[in-house]
Amino acid sequence: ADAIPSSPGEEVLLPGTDGHLRILSANGQLLADWPVSSGALTCAAAGTNSTGETRILTGGVDGVLYAFEPNGTSAGTISPLSAPSFLTHVVVGNFDGQGGDEIMLFFSIASLNQMVDCFDLDALDGSRPSFWNATSFLQNNLLDLGYLRTSPFAYDMDGDGKDEVVGPWGILRPEEAW
């Protein structure tokens, strides 16, 4: 991920079971070690908002998605549910092809591990992008999104200028899904 623009190359984001997010440079040097949560972190990603600012995202067993600026300053949090949840994957992409990135957040509640929601990286207040017509998270729409499965990722696989979410279950086009 290009998490720290001042660092050459792309960085590796390492969510830790100790609640720390570590960031390694392209050559393996430790650039940051941020205490984030009292629980284990399970996912991390970086994206760009519509003004070009990088945001580093991480979350885990406490069900909160934490956002940071590249210098480690908090940029906000998103809690997809008031009930306890477990964040399994965070995927950042420009799903509508306009402005900045959006966040696809995959999470579990107890044994239900097939939940997904979409949030706007610009707002970081839990608001959903205009193309996401769902009024809450979606449950049991996608298969095999469990904790130990292959991580989904985003890229523009059809060349239309809009990222798709790709995983072992297939292709999700968030801007056309609902």
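All of these numbers come straight from a predicted model, not from anything done at the bench.

Enquirer: Go over the overall build of the protein chain, please, and point to the residues and values.
Expert: Helix and strand counts for the protein chain come out as zero helices and 14 strands. Its helices and strands in sequence order give the protein chain the pattern β-β-β-β-β-β-β-β-β-β-β-β-β-β, from N to C terminus. Looking at the 178 residues of the protein chain, the share that counts as buried comes to 47%. A separation of at least 24 residues holds for 40% of the contacts in the protein chain among residues at least 6 apart in sequence.

Enquirer: Tell me about the packing of aromatic side chains, residues and numbers included.
Expert: In the structure shown here, the tally under the stated rule is two aromatic pairs. Between W34 and F68 the ring centres are 5.3 Å apart and the planes differ by 45°, which places this aromatic pair in the tilted class. One end of the pair, W34, is in strand 3 (residues 30-35); the other, F68, is in strand 6 (residues 65-68), and 34 residues separate them in sequence. Like W34, the residue F68 is buried in the burial classification. Plain terms: the ring middles of F153 and Y155 are 5.5 Å apart, the flat faces sit at 10° to each other, and that makes the pair stacked.

Enquirer: Outline the layout of surface pockets, supporting the account with residue identities and numerical values.
Expert: Counted as a void, the largest pocket has a volume near 230 Å³. Along the walls of the largest pocket sit 14 residues, with A44, A45, V90, S151 and P152 positioned nearest its centre. Within the residue set of the lining of the largest pocket, elements represented by two or more residues are strand 4 (41-48), strand 8 (86-93) and strand 12 (153-155). Among the residues forming the lining of the largest pocket, the class breakdown is 10 nonpolar, four polar and no charged.

Enquirer: If you had to explain the confidence of the model for the protein chain to someone new, which residues and values would you point to?
Expert: Within the protein chain, residue pLDDT values average 84, and 79% of them lie at 70 or more. When the elements of the protein chain are averaged for pLDDT, strand 11 (residues 138-139) gives the smallest value, 60, and strand 2 (residues 20-24) the largest, 98. Predicted confidence for residues 140-148 stays below pLDDT 50, and this span has 24 contacts to residues more than four positions away or in other chains.

Enquirer: Which residues make up the sheet that holds strand 2, and what values do they have?
Expert: Strand order across the open sheet formed by three strands is 1-2-3, with antiparallel pairing between neighbours. Of all the strands in the sheet, the pair left with one neighbour each is strand 1 (12-15) and strand 3. Sheet twist, expressed as the average angle between the axes of neighbouring strands with direction ignored, equals 15°.

Enquirer: Can you tell me about the sheet that holds strand 4, naming the residues and giving the values?
Expert: What the four strands build is an open sheet, ordered 4-5-6-7; its pairing is antiparallel. At either margin of the open sheet sits one strand with a lone partner, and together these are strand 4 and strand 7 (74-78). Mean inter-strand twist for the sheet, computed between neighbouring axes without regard to direction, equals 20°. Across four bridges, strand 6 lies against strand 7 in antiparallel orientation. For Y66, the partnering residue across the bridge sits in strand 7 and is T77.

Enquirer: Which residues make up the pattern of salt bridges, and what are the values?
Expert: Close approach of charged atoms allows side chains with opposite charge to pair. One pass over the full model with this rule turns up four salt bridges. Across the pair E53 and R55 runs a salt bridge, and its minimum N-O distance is 3.3 Å. Using a relative accessible area of 38% as the deciding quantity, one classes E53 as partly exposed. Judged by its relative accessible area of 10%, R55 is buried. We note a salt bridge from R128 to D117, for which the minimum N-O separation is 2.7 Å. Of the two residues, R128 is situated in the loop between strand 10 (112-120) and strand 11 and D117 in strand 10; the sequence distance between them amounts to 11 residues. With a relative accessible area of 0%, D117 lands in the buried category.

Scoring rules and cut-offs
Counting restarts for each chain, with residues numbered from 1 along the sequence as it is written. Where totals are concerned, whole chains, interfaces and linings use all residues; where local detail is concerned, this predicted model gives features only for residues with pLDDT of at least 70, and gives and counts side-chain atom pairs only at 80 or more. Side-chain measures here rest on the full set of heavy atoms in the structure, leaving out hydrogens and waters. Helix numbering and strand numbering both begin at the N terminus, where a helix is a DSSP run of H or I of at least 4 residues and a strand a DSSP run of E of at least 2. Accessibility here uses a 1.4 Å probe with only protein chains present; expressed as a share of the type maximum, an area under 20% marks a residue as buried, one over 50% as exposed, and anything in between as partly exposed. The contact definition used throughout considers only heavy atoms, calling two residues in contact when any of these lie within 4.5 Å. Ring pairs are drawn from Phe, Tyr and Trp, using the six-membered ring of Trp, whenever the two centres fall within 6.5 Å, and their geometry is named by plane angle: stacked under 30 degrees, edge-to-face over 60, tilted for the rest. The way it works is a 1 Å grid over only the protein atoms, where trapped points that fit a 1.4 Å probe form a cavity and open points with protein on both sides within 12 Å along at least five of seven lines form a pocket, and then any residue with an atom within 4 Å of a point lines it. Grid points are joined across faces, edges and corners, and a volume is the space filled by probe spheres set on the points. All amino acids are sorted into three groups, where Ala, Val, Leu, Ile, Met, Phe, Trp, Tyr, Cys and Pro are nonpolar, Asp, Glu, Lys and Arg are charged, and the leftover types, Gly among them, are polar. Every residue is assigned a pLDDT by the predictor, reflecting its confidence on a scale from 0 to 100. By the convention used here, strands pair only if DSSP detects at least 2 bridges between them. Each axis is a line fitted through C-alpha atoms, and for a helix only the stretch in contact is used; angles between axes span 0 to 180 degrees, taken between their N-to-C directions. Criterion for a salt bridge: a side-chain nitrogen of Lys or Arg within 4 Å of a carboxyl oxygen of Asp or Glu.

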